[in-house]
Amino acid sequence: MFLRCHARIKDGKEHRYWSVVENRRCGRGKVVQRQVLYLGEINDTQHESWCRTIEVFDDKRERTLPLALFPADRQLPNFAAGFGVQVRLKEMELHRPRQWGACWLACDLYEQLGLDEFWGECLPDSREGTCWQHILQTLVCYRLIDPGSEWRLHRQWFEQSAMGDLLDEDYSLVEKNALYRCLDRVLEHKEQLFGHLRQRWQDLFGAGFEVLLYDLTSTYFESDPAFEETDKRQFGYSRDKRPDCVQVVIGLIVSPEGFPLAYEVLPGNTSDKTTLREFLRKIEEQYGKAERVWLMDRGIPTEEVLAEIRASDPPIYYLVGTPKGRLSKLEAELLERPWQSVRSGVEVKVLPQENELYVFAQSRDRLNKERAMRRRQLKALWKRLGQLQQMKLRAENLLLKLGEAKGRYRAAWRLIDLQLPEPTTEAMASFSFALNRQKLRQVRRREGRYLLRTNLSGREPAQLWEFYIQLVEIEAAFKNLKDDLALRPIFHQLEHRIEAHIFVAFMAYCLHVTLRARLRPLAPGLSPRAVLDKFAAIQMLDVHFPTTDGRTLILSRYTHPEPDHKLLLEQLNLTLPAQPPPRISSRGKLLNQN
């Protein structure tokens, strides 16, 4: 990198602008120059009327002063005495490169949701001057951009990011004990935040919440069991395939557009079917009674809760998946019903039953997908069983290897009939296996088909199908929370901090959803993660210029945005902020770079 001067004639006068330029090698060995940092104008004239000043923060006086900058090889004019500074341009140094673009975008999303104002009221500064709202904003943006532990944020990430520049804070903001103490202050405002977010999404996107999607997931963490019965950290059915770890269950409610309305942290041994009644009550208490449609997967509602929903006033509607065991009971009646095409590749049968409606749907795409998955598993299992049949193994070793195959190919295992050796056999054991064609025919009949249950008797089958496939939104929410935002595993040892960790991840997901809603009408295929990674390429650096009087002029500058950045900014209707004002150190003293 090197300095380049741009001379321009303006109003009959010559003005010189300086920037940092790098050489970049392109195809066929061609070298092109690219502007990295724009530094502004430095005076190169002896005429008083042409002299320009800039506002520079003086750390000695702790206030901004107007200074006129002149190159060191030019004499300082008499009229500039007292506010003129000569800088050694050839001795320029670049210090502390740090990620700026993604941090700025995350902070902008934070402000779009009004979280800065909300938490400014809920988390006032401490008497010692600790700014809790800025600590929380850093935690949320960190979880969105590059999720990790609070210890990593304290030791590494904050220094490598421009969050301090954007919030006008120094390294003391992320003192590790302050990070944990901030988590202790946020949970009491959870219900209030839900109401705030709902209003913001209505204002920003016109979001509606008449249709709600409800589902549960679990997340494990690294803590030493065992815990008291009242503790939410318990062993239970692990959706993460980690039954060896304690966990908590998270119930989440989102709109069909993916905007989260509320969530709750439940004990890790909570049964899915015991949660719905409490969630219905909480939503009603917080947002009032209304005619809402609840979309749920099978296993969540019980017959008793569904009966309560049907008897509610005002009416509450539901559309739920139904266990395939119920399909066996209704199969004879469904066979007599005609298929109705609801869209290309999707057909349904409708069966009224008392106060409910059963919708039997088949999707050609889903059928092909499930059939290919089953064939792939069955082929792999058949090959593995053939290999084991050729091995000379004792009975106990054979059973272990068969158990391993069952765990790996669980869906295909149900289609195989095995003739196992006697448990008392001491010599080398053998076994036989065959395909259960009756089970295979039954599986083939049900692949790509769903039985839905609803009390929305006045709706068209096509609309009911569209409602049900919107459950993918809540599955995407769980995927983003667990993978993209790294919700798991959790290393906190205190129960209330575990819940606070999930709360921070929930707020980061709200930023993620807001960015996705901005992108959806512009570029549906562009993910929030891709945009954050793109903006992360915009760096900030400190440009140091020594002066002839022993001081150092420091210009903090973010790098020049590339064409794709400019396109994104234009489409998202965003404007980059002005470059930070310059600073100048006292004689013999460097400014604190943290």
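Reference entry: report on the structure contained in this document. What you see as residue numbers is a count from 1 along each chain, following the sequence as written. Only residues with pLDDT of at least 70 get local features here, since the model is predicted, and only at 80 or more are side-chain atom pairs given and counted; chain-wide, interface and lining totals rely on the full set of residues. Think of the side-chain values as coming from all heavy atoms in the structure, minus any hydrogens and water.

## Description of the nonpolar core
Okay, step 1: We call a set of buried Ala, Val, Leu, Ile, Met, Phe, Trp, Tyr and Cys residues a nonpolar core when their side-chain atoms join them within 4.5 Å. Residue exposure (1.4 Å probe, protein chains only): buried if accessible area is under 20% of the type maximum, exposed if over 50%, otherwise partly exposed. One finds Leu-105, Trp-119, Leu-136, Tyr-214, Tyr-263 and Trp-294 to be the most contacted residues of the largest nonpolar core, which totals 126 residues.
Okay, step 2: Each helix is a run of DSSP H or I of at least 4 residues and each strand a run of E of at least 2, with the numbering of both proceeding from the N terminus. Tallying contributions element by element places helix H17 (residues 495-519) first for this core, with 16 residues.
Okay, step 3: Pairs of residues are marked as contacts when any of their non-hydrogen atoms sit within 4.5 Å. Leave out the neighbours within four places in its chain, and Tyr-214 touches Gly-251, Leu-252, Ile-253, Thr-275, Leu-276, Phe-279, Trp-294, Leu-295, Met-296, Asp-297, Ile-300 and Ile-474.
Okay, step 4: If you look at the next biggest cluster of nonpolar residues, it comprises 16 residues, including Leu-388, Leu-398, Ile-416 and Phe-431.

## A short note on the packing of helix H1 (residues 101-112) against helix H3 (residues 132-145)
For any two helices packed against each other, one specifies the crossing angle of their axes together with the interaxial distance.
Okay, step 1: To obtain each axis, a line is fitted to C-alpha atoms, and for helices this fit is confined to the stretch in contact; angles are then taken between N-to-C directions over 0 to 180 degrees. The contact between H1 and H3 brings their axes to 10 Å, and the two run at 120°. In the packing of H1 onto H3, the handedness of the crossing is right-handed. Of H3, the residues touching H1 (which contributes Ala-102, Cys-103, Ala-106, Cys-107, Leu-109 and Tyr-110) are Gln-133, Leu-136, Gln-137, Val-140, Cys-141, Leu-144 and Ile-145.
Okay, step 2: Tallied by class, the residues present in the contact of H1 with H3 amount to 11 nonpolar, 2 polar and no charged. Two helices cross in a left-handed way if the nearer one is turned anticlockwise from the farther one by less than a right angle. They cross in a right-handed way if the turn is clockwise. Only Asp, Glu, Lys and Arg are considered charged in this grouping, and only Ala, Val, Leu, Ile, Met, Phe, Trp, Tyr, Cys and Pro are considered nonpolar; every other residue, Gly among them, is considered polar.

## Some points on the side chain of Thr-138
Okay, step 1: Relative to the helices and strands, Thr-138 resides in helix H3.
Okay, step 2: What Thr-138 contacts, discounting residues up to four positions off in sequence, is Leu-153, Trp-157, Phe-158, Met-163, Leu-167, Leu-173 and Val-174.

## Describing the sheet that holds strand S12 (residues 317-321)
Okay, step 1: Here, a strand pair is defined by DSSP locating no fewer than two bridges between the strands. Reading across the sheet, the 9 strands line up as S10-S9-S8-S11-S12-S20-S15-S14-S13 and stay open at both edges, with mixed pairing between neighbours. The two strands at the open ends of the sheet, each matched to only one other strand, are strand S10 (260-267) and strand S13 (340-343). Geometrically, the sheet is characterised by an average inter-axis angle of 25° between neighbouring strands, direction not taken into account.
Okay, step 2: Judged from the 8 bridges that link them, strand S8 (residues 211-220) and strand S9 (residues 247-254) form a sheet pairing that is antiparallel. For Thr-219, the partnering residue across the bridge sits in S9 and is Val-248.
Okay, step 3: Strands in contact with H17 are S9 and S10; relative to S10, the strand with the most contacts, it is inclined by about 155°.

## Structural notes on the layout of surface pockets
Okay, step 1: Buriedness of a pocket was judged along seven lines, with at least five required to meet protein on both sides within 12 Å; pockets are open sets of points on a 1 Å grid over the protein atoms alone, cavities are sets where a 1.4 Å probe fits but cannot get out, and lining residues have an atom within 4 Å of a point. Grid points are joined across faces, edges and corners, and a volume is the space filled by probe spheres set on the points. Of the voids in this model, the largest pocket is the one considered here, and its volume is about 2100 Å³.
Okay, step 2: For the largest pocket, the lining is made up of 47 residues, of which Arg-298, Lys-324, Arg-366, Glu-370 and Tyr-450 are closest to its centre.
Okay, step 3: The element that contributes the greatest number of residues to the lining of the largest pocket is helix H11 (residues 364-390), accounting for 7 residues.
Okay, step 4: Here the lining of the largest pocket is built from residues that sort into 20 nonpolar, 8 polar and 19 charged.

## Considering unusual backbone geometry
Okay, step 1: For the bond from Asp-313 to Pro-314, the omega torsion is 0°, close enough to zero to count as cis.
Okay, step 2: With respect to the helices, strands and loops of the structure, Pro-314 is situated in the loop between helix H9 (303-310) and S12.
Okay, step 3: At Asp-168, a position not held by glycine, the phi torsion is positive, near 55°.
Okay, step 4: Among the structural elements, Asp-168 can be located in the loop between helix H5 (163-167) and helix H6 (176-183).
Okay, step 5: The exposure class assigned to Asp-168 is exposed, which follows from its relative accessible area of 70%.
Okay, step 6: One non-glycine residue, Asn-573, adopts positive backbone phi at about 60°.
Okay, step 7: Within the element layout of this structure, Asn-573 appears in the loop between helix H19 (563-571) and strand S23 (583-584).

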